[in-house]
Structure formats: structure tokens, C-alpha cells
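Remarks on the overall topology
Each chain is listed here by its residues.
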Amino acid sequence: MTDSIRKEAPRLYHTLRCRDAEAMIAWLTDVLGFTERVIYRRENIIAHAELSFGTSILMLGADRPDAYGKRVGDLDGHRTDSVYLAVDDPDALYAKVKASGARIEMELHDTDYGSRDFSARDPEGGLWSFGTYWPKVGEGPLPG
């Protein structure tokens, strides 16, 4: 692998449309530890926000009936997406997420591939998984 690939910014960014973008940002920063990178508002509505977590960036904005919103789909419809976040201390994060009132979907456990994981719903019902498994470009696949 070349040094330029090791140093380049991520190319994959998860994006969210939220009913209450302000509340989602508060949960992401206060509970999960994201950092506000930039927030653009139009008429007091979050049009676009970028939050960072390590070298990763999550983009989000308020749900609205614009062209992108129509492509993304209705927030009440069937969703197949989820977010996985690699973390250093899943036990501490689990306690924080649970204390925030988030619905735990999968209790904290050790996997057969060496990760420590749990899953929970964000304030708008989106599924998040957290664990110590942290694949990196240039590394091999999961063992076994």
C-alpha cells in the first residue's frame, strides 16, 4: 500500500436526514463524543452539518422535501441502513448510551472474532452498532 493511501482522507461518509437535527447533534456530541466541525443553517434550520469522530466525518441535516430528500426517502419508510462506529472503550460508551435513554438493541458482548460490541437506537430510531473491531485499508479481512 502506498503512503498516499495511508494518509488520504476517508472516502465514505455516512449521511443522515433528521426530524430534529439539533437534538441529534446534541446526542452525537454529548453521548457519543462527536465534535462539531461545521453547521450551516438556513432560516434557523440545519441545512448541513459535519461532525467528526477521529478521522471520520458524519454529515447530517434536517429532513426536508428537497431533491436530495426525495431520493433518500421517507423517514417513516423501511430502512436498511445502519452505522457502525469503532470505539476504544465500548464498556464506558455502553454505560453512557444506556444512561441517555437510548434503546439497547444488542447487549454488550464479546464476539467470536475478538470484538466487544453492542447496538442501540439513536433518538430518531436509527440503528448504531459500536465495537472494538476497526478494519483499516490495507489490512486483511476478519479472521476465521
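Just so it is clear, the structure is predicted and the values come from calculations on it, not from any experiment.

1. Points about helix α4 (residues 90–99)
P90, L93, Y94 and V97 are the residues of α4 that are buried. Considered in projection along α4, the buried side chains sweep an arc of 105° and stay on one side of the axis. Those residues of α4 that are buried are in contact with α2 (21–32), β6 (104–110), β7 (116–121) and β8 (127–131).

2. A look at the side chain of R17
Relative to the assigned elements, R17 resides in strand β1 (residues 15–18). The buried category is assigned to R17, whose relative accessible area is 11%. Separated by 3.4 Å, the side chain of R17 and the backbone oxygen of R64 make a polar contact.

3. Section: unusual backbone geometry
Phi at E43 is positive, roughly 55°, even though this residue is not glycine. With respect to the helices and strands, the residue E43 is situated in the loop between β2 (35–42) and β3 (45–53). You will see that N44, though not glycine, has its phi angle at about 65°, which is positive. Among the secondary structure elements, N44 is positioned in the loop between β2 and β3.

4. A few points about the sheet that holds β7
Pairing in this open sheet of four strands is mixed, and the strands run β5-β8-β7-β6 from one edge to the other. Two strands in the sheet have a free side with no partner beyond their single neighbour: β5 (83–86) and β6. Direction aside, the axes of adjacent strands within the sheet are offset by 15° on average. One ladder, built from four bridges, connects β6 with β7; its direction is antiparallel. Bridge pairing links M106 to S119 in β7. This element, α4, spans β6, β7 and β8 of the sheet and lies at about 160° to β6.

5. Examining the packing of aromatic side chains
This structure, assessed with the given rule, holds seven aromatic pairs. Summarising the aromatic geometry, the rings of Y94 and F118 are spaced 5.2 Å apart at their centres and angled 90° between planes, so their arrangement reads as edge-to-face. Linking Y94 in helix α4 with F118 in strand β7, this pair joins segments that are 24 residues apart in sequence. Within the aromatic cluster, the residues linked to one another by ring pairs are W27, F34, F53, Y94, F118, W128 and F130.

6. Thoughts on the nonpolar core
Ranked by internal contacts, the top residues of the largest apolar core, which has 29 residues, are W27, L28, L32, L60, V97, W128 and F130. A per-element tally of this core places α2 first, with seven residues. Each residue touching W27, except ones within four places of it in the same chain, is listed here: L32, V97, S100, A102, R121, D122, P123 and W128.

What counts as what
Residues numbered from 1 in each chain as written. Predicted model: local features only at pLDDT ≥ 70, side-chain atom pairs only at ≥ 80, totals over all residues. Heavy atoms only, no water. Buried < 20%, exposed > 50% of the residue type's maximum accessible area, 1.4 Å probe, protein only. Helix = DSSP H or I, 4+ residues; strand = E, 2+ residues; numbered from the N terminus. Arc of directions from axis to C-beta. Contact = heavy atoms within 4.5 Å. Polar contact = N/O pair within 3.5 Å; in protein donor to acceptor, adjacent residues only side chain to side chain. Pairing = 2+ DSSP bridges. Axes fitted to C-alpha atoms, helices over the stretch in contact; angles between N-to-C directions. Phe/Tyr/Trp six-rings, centres within 6.5 Å; stacked < 30°, edge-to-face > 60°. Core = buried A, V, L, I, M, F, W, Y, C linked by side-chain atoms within 4.5 Å.

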